[in-house]
Amino acid sequence: MCQVEEEYHGPLLREELPRQCVKCKEASAAVVIRAGDAYCRGCFKEYFIHKFRAMLGKNRLIFPGEKVLLAVSGGPSSCSMLSQVQEGLSQNAHKKLRFLPGIVYIDEGGAVGQSVEHRRRTVEELRAVFRATGFPFLMVPLEQVLDLPSSVVLSAPGAPEQEAGAYKAAVDHFLLSDGSSGVTAGQQQETPPPEVQEAHTHSLQRLLGSARTLTAREELLNILRQHLLVHTARSAGYSKLMLGDSCTRLAVKLLSSISLGRGAQLAHDTGFSDSRYGDTILVRPMRDYSAKEIAYYNRMFSVPSVFTAGLDTKTADKSSIQHLTESFVIKLQADFPSTVSTIYRTSEKLQSCKGSASAEGDRCLLCVCALDTAAENASAFSATLISEQLSQTKSPGESRQAPEWTAPASQCCSIVGGELCGNRGGGCCSSAKASESPPLRSLLCYSCQLTIKDMSSEEVLPQYILSEAERRLRRSQLREEIRDFLLEDEADEG
């Protein structure tokens, strides 16, 4: 499937490398990206830079003079993205970038149990890299996610949609006003990282440790990281948040997201732009680069990067769904070099359903995507719920062990979750159902429900999530109470 019109007979030996560059036809080839695509050093750099500019120019989401926050984790892909922005704002650039960049680094050392000294050493290494760019930068510990406001999980109203010629008009106005396309070293601002309290680190570790599996911990960490990035961008006045996800990373994310039940959110999770937060748009300009291309470029042109350990560092392939999917894709890519590009081309065709989440109650409390749980009876989601209920049903042999009319005082006699019990005397389920408040999972999409279900307790969630959940549940209960007095939408239109 991945080798249509292509033939691969094992890795290319050095004596089989093409002698000339396929582009300039003059210089000797220095790197082979794919079979038949051999570039010299100069042409490869030009190809790499053009790819980045073309991705930004084709989508036209970042307007001249706009503030863009670059999320740099220290890895090869995000550091290569930082290098491309720095190259585009240099004086020697052929076509300069016209936005105002800033850098943010999220220190996740507390989540993986690193010592204070180790975290300080990593921050100092990255600070030296950021200072060399001349851009303003922020160093934010992940522990700050515990003190975020509830507004971070709300989709703020974004800017109105621009007309067809708005981008060209903005460029002409920017050029006529003789605006500066970048920041100079004198304008660099460095915000010192706040002191991390040991109690916050323990609370963060207790939150991630409440998840029973590494799969749920990684999903929870991704959600918390994204919340902190969006809040940092909003607080500092940045309207765009640039992420360094590569083509290989997005291919792995697409398959793992489908396995985790995030099929309805794939367009947001893997697309070039992600507007789920409204006023802050996430963009992925590195999504056309494979991990191989990035590694070659960083090695050939000495792009600095800093290794930071993650939750899945030094773990087995089967330790989590994400790690297993990554191992599968990388091993398949080694034998079939079109694997990643085939998956990537599939993700380019995905689109989100516009208008599916008009109100805040229609969005997931954690990932802020449209809820996918309001499905009809004849749907895959309903079939999954029925299968889950049937799997929890007691077998006929177990039900015959006790009389049908008796049940222990401390145990409910319901055999299917969500249905009233068969106790004719006391009605143990009906009384419990009447006093039970709507659960937190009713505010989540299907994938986030699985993540929360895998946690030992919901009370360890950050306070901003619990406060917003309580507010939404109160509004839902109030609306349910006054439903008979509300006018229907059809009546309003009439």
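Above this text you will find the structure in question.
Residues numbered from 1 in each chain as written. Predicted model: local features only at pLDDT ≥ 70, side-chain atom pairs only at ≥ 80, totals over all residues. Heavy atoms only, no water.

Caption draft 1: Quick peek at the overall build of the chain. A count of helical and extended segments in the chain gives 17 helices and nine strands. Looking at the chain alone, contacts between residues at least 24 apart form 72% of all its contacts between residues at least 6 apart. (Helix = DSSP H or I, 4+ residues; strand = E, 2+ residues; numbered from the N terminus. Contact = heavy atoms within 4.5 Å.)

Caption draft 2: Seen up close, the packing of helix α6 (residues 214-236) against helix α15 (residues 446-453). Taken N-terminus to C-terminus, the directions of α6 and α15 make an angle of 120°; their axes are 9 Å apart at the nearest point. Comparing their axes, α15 and α6 come out oblique. Note that α6 runs across α15; the crossing there is left-handed. Contacts from A216, E219, L220 and I223 in α6 reach S447, C448 and T451 in α15. Taken together, the residues that form the contact of α6 with α15 break down as four nonpolar, two polar and one charged. (Axes fitted to C-alpha atoms, helices over the stretch in contact; angles between N-to-C directions. Parallel < 35°, antiparallel > 145°, perpendicular 65-115°, else oblique. Left-handed = near helix turned anticlockwise from the far one by under 90°. Nonpolar A, V, L, I, M, F, W, Y, C, P; charged D, E, K, R; others polar.)

Caption draft 3: Structural context of the pairing of strand β5 (residues 137-141). Counting buried residues along β5, five of its five residues qualify, which places the element largely inside the surrounding structure. Neither face of β5 is exposed, since F137, M139 and P141 on one face and L138 and V140 on the opposite face are all buried. With five bridges connecting them, strand β4 (residues 100-107) and β5 associate as parallel partners. In the sheet register, V104 faces β5, and the bridge partner there is L138. With helix α3 (residues 116-133) bridging β4 and its parallel neighbour β5, the resulting β-α-β unit is right-handed. (Buried < 20%, exposed > 50% of the residue type's maximum accessible area, 1.4 Å probe, protein only. Pairing = 2+ DSSP bridges. Right-handed = clockwise from strand over helix to strand, strands pointing away.)

Caption draft 4: Geometry of the nonpolar core. Within the largest apolar cluster, 54 residues are counted, with the highest numbers of intra-cluster contacts made by F44, F52, F130 and M242. Top contributing element to this core by residue count: helix α1 (residues 41-59), with eight residues. L229, L365, L443 and A469 belong to the second largest nonpolar core, which has 51 residues in total. (Core = buried A, V, L, I, M, F, W, Y, C linked by side-chain atoms within 4.5 Å.)

Caption draft 5: How the structure looks around the packing of aromatic side chains. Applying the stated criterion across every chain, the model contains eight aromatic pairs. When the ring of F130 is compared with that of F137, the centres are 5.7 Å apart and the planes differ by 55°; the resulting orientation is tilted. By relative accessible area, which is 0% here, F130 ends up buried. Take F137: its relative accessible area is 1%, and that puts it in the buried class. Taking the centre distance of 4.8 Å and the plane angle of 40° together, the rings of Y297 and F301 count as tilted. As far as the burial class goes, Y297 and F301 line up, both buried. (Phe/Tyr/Trp six-rings, centres within 6.5 Å; stacked < 30°, edge-to-face > 60°.)

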